[in-house]
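# Structure assessment
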Amino acid sequence: MKNLKNALLLKQLYQLKQLGYRYTSVTPYKDEEPNLSLPNTLENLKKQALACHLCDLSKQRNKVVFGKGNPQATLLIVGDTPSSSDDSSGEVFTGRTGELLTKMIENVLGLNRENVYITNALKCRAIDALNPSSAHLHTCYPYLLKEIALVEPKIVLALGQTAYHMLTQDDSPLEKVRGILHTQEGYQLIATYHPNHLLRNPAMKKEVFEDLKRVKELL
């Protein structure tokens, strides 16, 4: 690539010299800065995510799982990584995990699922769902930040340690930070256990119930 640029530059210099230009009078060849900004609508952001191939998760996914819900939601919920059923359907929080999340939203928070915005830290299913790669999380991080910026929620509920760490850059164990109000730029954040964790550890539903009551008070 460097040799090609040099060849193009040299060719343009010869052409300009024949036209009477001095080498120092113009800038004959200049790299254009790439446009790295993300779209300013959720619809266009989703289109860009669906076409994303920035990491190797794109090679093994079935479908990209983008966020879904009320684009002006007061509450935005962030999980960790799409499940196998999410990966098959392209929809966020499906299957047993999605059913439990819906009950949490409707029975405890008193909201319809359609009234909130739900997304994940990763838009493609992770190879190791319990320990997603930091490189993969870093790649998806701008998408998540842009979703939050476009929705402008009052409260963000982080489900699980991965979502909490990604949004706060705090590596404290989830059991020490869950249920505590964390002030972020433009919104308040509360973390609690992921529904998938509750399916494996039903006894922890009481802690999540208390955390969700805190969210309801804030709403």
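Up top is the structure.
In this report, the structure presented in the accompanying data block is examined. None of these values were measured; they are calculated from a predicted model.

Parameters and conventions
Residues numbered from 1 in each chain as written. Predicted model: local features only at pLDDT ≥ 70, side-chain atom pairs only at ≥ 80, totals over all residues. Heavy atoms only, no water. Helix = DSSP H or I, 4+ residues; strand = E, 2+ residues; numbered from the N terminus. Buried < 20%, exposed > 50% of the residue type's maximum accessible area, 1.4 Å probe, protein only. Areas by Shrake-Rupley, 256 points an atom, 1.4 Å probe, with all protein chains shown as cover. Axes fitted to C-alpha atoms, helices over the stretch in contact; angles between N-to-C directions. Parallel < 35°, antiparallel > 145°, perpendicular 65-115°, else oblique. Contact = heavy atoms within 4.5 Å. Phe/Tyr/Trp six-rings, centres within 6.5 Å; stacked < 30°, edge-to-face > 60°. Lys NZ or Arg CZ within 6 Å of the ring centre and 35° of its normal. Core = buried A, V, L, I, M, F, W, Y, C linked by side-chain atoms within 4.5 Å. Pairing = 2+ DSSP bridges. Disulfide = S-S within 2.5 Å.

### Concerning the overall build of the protein chain
Across its full length, the protein chain carries 10 helices and 6 strands. Burial status across the protein chain gives 42% buried among its 219 residues. In the form shown here, the protein chain has an accessible surface area of approximately 12800 Å², with 50% of it arising from carbon and sulfur atoms.

### Remarks on the packing of helix 2 (residues 42-50) against helix 6 (residues 134-151)
Remark: helix 2 packs on helix 6, axes separated minimally by 10 Å, with the N-to-C direction vectors making an angle of 170°. Classed by the angle they form, the pair helix 2 and helix 6 counts as roughly antiparallel. Across the interface between the two elements, L42, L45, Q48 and A49 of helix 2 pack against Y143, K146, E147, L150 and V151 of helix 6.

### Regarding the packing of aromatic side chains
Counted under the stated rule, the structure contains 0 aromatic pairs. The ring of F66 is capped by K123, whose NZ or CZ atom sits 5.7 Å from the centre of that ring.

### Describing the nonpolar core
Counting 57 residues, the largest nonpolar core has L75, I77, L101, I118, L157 and L167 as its most contacted members. No other element matches the 6 residues that helix 6 contributes to this core. Leave out the neighbours within four places in its chain, and L75 touches L109, L111, V116, Y117, P153, I155, L157, V215 and L219.

### A short note on the sheet that holds strand 1 (residues 68-69)
Spatially, the 6 strands line up as an open sheet ordered 1-3-2-4-6-5, and their pairing is mixed. The two strands at the open ends of the sheet, each matched to only one other strand, are strand 1 and strand 5 (182-184). Note that strand 5 and strand 6 (residues 187-192) share 3 bridges and pair antiparallel. In the strand pairing of strand 6, H182 is matched with L189.

### Comments concerning unusual backbone geometry
The bulk of non-glycine residues show a negative phi, and the bulk of peptide bonds are trans. Here E152, not a glycine, exhibits a phi torsion of approximately 55°, which is positive. Here E152 shows up in the loop between helix 6 and strand 4 (155-159). Judged by relative accessible area, E152 falls into the exposed class, the value being 65%. Notably, Q169 is not glycine yet its phi reads approximately 60°, a positive angle. Mapping Q169 onto the fold places it in the loop between helix 7 (161-168) and helix 8 (174-177). We classify Q169 as exposed; its relative accessible area is 60%.

### Some words on the pairing of strand 6
Taken across its 6 residues, strand 6 has 5 buried, putting it largely inside the fold. Pairing of strand 4 with strand 6 involves 5 bridges; the strand directions are parallel. Residue pairing across strands places A158 opposite A191, the latter belonging to strand 6. What sits between the antiparallel neighbours strand 5 and strand 6 is a turn of 2 residues, in which G186 has the positive phi angle 95°.

### What about the environment of D171?
Within the secondary structure, D171 sits in the loop between helix 7 and helix 8. Along the primary structure D171 and Q161 are separated by 10 residues, whereas in three dimensions their C-alpha atoms are 8.5 Å apart.

### A short note on the state of the cysteines
Disulfides are covalent bonds that link the sulfur atoms of two cysteine residues. Overall, the coordinates contain 0 disulfides when judged by the stated rule. Here C52 is not cross-linked by a disulfide; its sulfur's nearest cysteine counterpart is in C55, at 6.5 Å. C140 takes part in no disulfide bond, and the closest cysteine sulfur to it belongs to C124, at a distance of 6.2 Å. Of the residues examined, C140 reaches a relative accessible area of 10% and is grouped as buried.

### Some points on the pairing of strand 4
Most of strand 4 is tucked away, with 5 of its 5 residues classed as buried. Of the two faces of strand 4, both are covered, the one formed by I155, L157 and L159 as well as the one formed by V156 and A158. As judged from the 4 bridges shared by strand 2 (residues 75-79) and strand 4, these two strands associate in the parallel manner. Considered in strand 4, the bridge of L75 is made with I155.

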